[in-house]
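A look at the structure
So the chains spell out like this:
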Amino acid sequence: DAKTTQPPSMDCAEGRAANLPCNHSTISGNEYVYWYRQIHSQGPQYIIHGLKNNETNEMASLIITEDRKSSTLILPHATLRDTAVYYCIVGWEYGNKLVFGAGTILRVKS
Amino acid sequence: KAGVTQTPRYLIKTRGQQVTLSCSPISGHRSVSWYQQTPGQGLQFLFEYFSETQRNKGNFPGRFSGRQFSNSRSEMNVSTLELGDSALYLCASSAKSDSTDTQYFGPGTRLTVL
């Protein structure tokens, strides 16, 4: 079972920041938080991952709380093309096994 | 660098047939994982191969099998197809295989079983 809890859906206005929350209260000390997104019927796209510190790349920022029990993915200026299902994944199992939950459907609206 | 490629992209089969799907990882990547995605079950891990060895397997029946070649390309096979095997099959590759490694997914093969 997935170790994460995400809201089923969220809306965001185009050009505004999209903040997607994820709860992972049972995370272990050495487990990473990964974010992927999947645009309709395409393969999941890697966004970002982190362990303790906040991370930023060209796509997004990842904010992890100090107790590591939750995190937020931030898309700074959402566009219509960011409409997708966003998956927060915690942990890694031997053999590169990722356990996906249901994710959050993000709808960016003009 | 070319991404993960999967062939064919679409496939239609009938119940009882078998099917082979192919995945070519990113050049230099040695790990290939396979996932099944259905509307009801979401994304589920099938198995992973690293240097031609299967290292982990999801909870799927023995009809689902795979292999990896010395060039890291991988195939998965589903025998005696059932209607419930209709799904998007995704493969992902990564350079090594540890928790810091990023997995990159291919576009998937859409299998329809009639």
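Now for a quick tour of the structure. (Residues numbered from 1 in each chain as written. Chains lettered and ligands numbered in written order. Predicted model: local features only at pLDDT ≥ 70, side-chain atom pairs only at ≥ 80, totals over all residues. Heavy atoms only, no water.)

Let us now look at the overall build of chain B. Within chain B, the secondary structure is distributed over zero helices and 11 strands. Across chain B, helices and strands are ordered from the amino to the carboxyl terminus as β-β-β-β-β-β-β-β-β-β-β. Taken along the three principal axes of its C-alpha coordinates, chain B extends 40 × 25 × 25 Å. When the 114 residues of chain B are sorted by exposure, 51% land in the buried category. When contacts within chain B are restricted to residue pairs at least 6 apart in sequence, those whose partners lie at least 24 apart make up 54%. For chain B, the exposed area adds up to about 5,200 Å²; of that, 48% sits on carbon and sulfur atoms. Charge centroids of chain B, computed over 12 positive and 7 negative side chains, lie 5 Å from each other. (Helix = DSSP H or I, 4+ residues; strand = E, 2+ residues; numbered from the N terminus. Buried < 20%, exposed > 50% of the residue type's maximum accessible area, 1.4 Å probe, protein only. Contact = heavy atoms within 4.5 Å. Areas by Shrake-Rupley, 256 points an atom, 1.4 Å probe, with all protein chains shown as cover. Lys, Arg positive; Asp, Glu negative; His and termini not counted. Charge placed at Lys NZ, Arg CZ, Asp CG, Glu CD.)

Once that is clear, we can look at the overall build of chain A. Helices and strands together make up the secondary structure of chain A, namely zero helices and nine strands. Listing the helices and strands of chain A from first to last along the sequence gives β-β-β-β-β-β-β-β-β. Compactness check: chain A gives a C-alpha radius of gyration of 13 Å against a globular reference of 13 Å for 110 residues, within 12% of the reference. Overall, chain A is about 40 × 30 × 25 Å in size when its C-alpha atoms are taken along their principal axes. Looking at chain A as a whole, 45% of its 110 residues are labelled buried. The contacts in chain A between residues at least 6 apart in sequence include a share of 55% that link residues at least 24 apart. With an accessible surface of roughly 5,600 Å², chain A has 48% of that area assigned to carbon and sulfur atoms. With 10 positive and 10 negative side-chain charges, chain A shows a spacing of 3 Å between the two charge centroids. (Rg over C-alpha atoms; globule rule 2.2 N^0.38 Å.)

Moving on to the pairing of strand β8 (residues 74–78) of chain B. Residue and element names in this part refer to chain B. The buried count for β8 comes to five of five residues, which makes it a mostly enclosed element. The alternating pattern of β8 places S74, M76 and V78 and E75 and N77 on opposite faces, both of which are buried. Both strand β3 (residues 19–24) and β8 contribute to a ladder of five bridges, which runs antiparallel. When the bridges of β8 are listed, S22 appears paired with E75. Pairing of strand β7 (residues 64–68) with β8 involves five bridges; the strand directions are antiparallel. Paired with R67 across the two strands is E75, which belongs to β8. As consecutive antiparallel partners, β7 and β8 are separated by five residues, and within that stretch S72 has a phi angle of approximately 80°, a positive value. (Pairing = 2+ DSSP bridges.)

Interpretation in functional terms is not warranted from these geometric data alone.
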